[in-house]
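Fold and contact review
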Amino acid sequence: DKGLIRYTDKIVKYWPEFAENGKEETTIADLMRHEAGLVAFDQSVDPQTLQKDNIKNNEVGVVIEKQTQSFPATGKREYHAVTRGWIANEIFRRVHPSGSTIGEHLKNSISDTLDARVFIGTDDEQYSPVVSMSKSFILRQSLIPKSLGRAIDPNFHELAGLMNGFRKIMKDGKDKPPALVGLDISGKLWNTPEIRKGESPSANGNCSARGLAKVAAAMANGGTFQGKTILNPEAWKALHAEPIDGILVANSIKFTQGGVAQFEEEDTSRTDGRSGFYGWMGFGGSVFQWHPESKIGFGYTPTLLTWIDLINNKARLMQGEVIKCARNV
């Protein structure tokens, strides 16, 4: 937005030490498209390291600098579920005139501007506790026929397939430790005070649905909402430019150079779903997406952490209904 970086720039332009172990050709766009070859590190990051002051002391940066890239056999793209945000934060704070982190900038320039409750790194007690569904509850529910009102979407066989996909996401690379010390497949670590206070952009946003919708509304309207601009038109266009297709987990998804997905539905006979939307989703069912053509911002945060829903299907169906309503107005 300030013209300080370009997505096509190599990361080493702003962070020379990143070049260690052969990473010097990686661009910012590569990182944002999940094509940086750094889906997993050779050590788990201590949650304490993610506190703002420790980030500024380069405690995360020094871990990233020594990493070696590894790419999947299918190409360059692999879901950097947690690591992308850490790397992006290191670039951001090196470029920001005041050395601010992404979390600080989000609060000062976006959250406060739009009066939107969206945070990366917060001790706000309004966001705790969050209740997760237990494994036993999910298993029992998957055995109940949908006609009898089971509480989750997938049946037992579908659940097994989802869990296999989920394990691929959480694996964090072959023979490498989990991204965070104490992180397991249940994801309960994300709801601890230490993690909520730390910064893991791309992974630990603490937001209200209304807050997400306000920011998404700005994105749906070229960077401005209710007369308040958070992104200028040129930066908005750059964010959405150059969508490139690629396999992410098991699906083909287009990612722009700015790191947002451009959604297309293969079958719109039942719902338009996410067709025409940009953005991404959150662990457990949340969605932050926008529809530029209809000028609609969409935010969804579930009251129950539905960690088995990898595509956040409930929100997807609601998105389709929102667009249907808008077209009928």
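Everything below is about the structure printed above this text.
Model, not experiment: these values are computed from the prediction.

Observations regarding helix α10 (residues 233-240)
Along α10, the residues classified as buried are Ala235, Trp236, Leu239 and His240. Mapping the buried residues of α10 onto a view down its axis gives an arc of 130 degrees, with all of them on the same face. Facing away from the buried side of α10 by more than 90 degrees, the exposed set consists of Glu234 and Lys237. Buried residues in α10 make contact with α9 (209-220), β9 (278-281) and β10 (287-291).

A short note on helix α6 (residues 135-142)
Those residues of α6 that fall on the buried side of the exposure criterion are Ile138, Gln141 and Ser142. Down the axis of α6, the buried set is contained in an arc of 100 degrees. They therefore lie on one face.

Observations regarding the side chain of serine 100
Its place among the elements puts serine 100 in the loop between α4 (83-95) and α5 (102-114). What serine 100 contacts, discounting residues up to four positions off in sequence, is Phe92 and Arg93.

Considerations on the nonpolar core
One finds Trp86, Leu180 and Trp280 to be the most contacted residues of the largest nonpolar core, which totals 64 residues. Per-element tally for this core: the top contributor is α9, with 6 residues. With near-sequence residues (within four places) excluded, leucine 180 lies in contact with Ser44, Val45, Pro47, Leu50, Trp86, Leu189, Trp190 and Ile195.

What about the sheet that holds strand β7 (residues 251-255)?
The antiparallel open sheet is built from 6 strands, whose spatial order is β6-β7-β8-β9-β10-β11. Of all the strands in the sheet, just β6 (244-248) and β11 (296-300) have a single pairing partner and so form its edges. Inspection of the sheet shows β9 paired to β10 by 4 bridges, in the antiparallel sense. For glycine 279, the partnering residue across the bridge sits in β10 and is glutamine 289.

Remarks on the packing of aromatic side chains
This model, assessed by the stated rule, comprises 6 aromatic pairs. Where tyrosine 79 meets tryptophan 280, the ring centres are 5.9 Å apart and the plane angle is 65 degrees; that geometry is what we call edge-to-face. A residue pair is termed long-range when its members are at least 10 positions apart, and tyrosine 79 in the loop between α3 (61-65) and α4 and tryptophan 280 in strand β9 qualify at 201 residues. Plain terms: the ring middles of phenylalanine 255 and tryptophan 280 are 5.3 Å apart, the flat faces sit at 55 degrees to each other, and that makes the pair tilted. Placement of phenylalanine 255 in strand β7 and of tryptophan 280 in strand β9 is noted, with a sequence separation of 25 residues between them. The buried category is assigned to tryptophan 280, whose relative accessible area is 18%. An aromatic cluster is defined as three or more aromatic residues linked by ring pairs; in this entry it consists of Tyr79, Phe255, Phe263 and Trp280.

As for the pairing of β10
Taken across its 5 residues, β10 has 4 buried, putting it largely inside the fold. With antiparallel pairing between neighbouring strands as the criterion, β9 and β10 make up a hairpin whose turn holds 5 residues, including glycine 284 at a positive phi of roughly 100 degrees. Relative to β11, β10 runs antiparallel, the two sharing 5 bridges. When the bridges of β11 are listed, phenylalanine 288 appears paired with glycine 299. Counting the residues that bridge the hairpin from β10 to β11 gives 4 residues, and of these lysine 295 lies at a positive phi of roughly 60 degrees.

Re the pattern of salt bridges
Side chains bearing opposite charge may pair, as long as their charged atoms lie close to each other. According to the stated counting rule, one finds 15 salt bridges in the structure shown. With a closest N to O distance of 3.7 Å, glutamate 65 and arginine 94 form a salt bridge. Of the two residues, glutamate 65 is situated in helix α3 and arginine 94 in helix α4; the sequence distance between them amounts to 29 residues. A residue is classified by how much of its surface remains accessible, and arginine 94, at 27% relative accessible area, is partly exposed. Between glutamate 264 and lysine 254 there is a salt bridge whose closest N-O contact spans 3.3 Å.

Rules behind the numbers
Residues numbered from 1 in each chain as written. Predicted model: local features only at pLDDT ≥ 70, side-chain atom pairs only at ≥ 80, totals over all residues. Heavy atoms only, no water. Buried < 20%, exposed > 50% of the residue type's maximum accessible area, 1.4 Å probe, protein only. Helix = DSSP H or I, 4+ residues; strand = E, 2+ residues; numbered from the N terminus. Arc of directions from axis to C-beta. Contact = heavy atoms within 4.5 Å. Core = buried A, V, L, I, M, F, W, Y, C linked by side-chain atoms within 4.5 Å. Pairing = 2+ DSSP bridges. Phe/Tyr/Trp six-rings, centres within 6.5 Å; stacked < 30°, edge-to-face > 60°. Salt bridge = Lys/Arg side-chain N within 4 Å of Asp/Glu carboxyl O.

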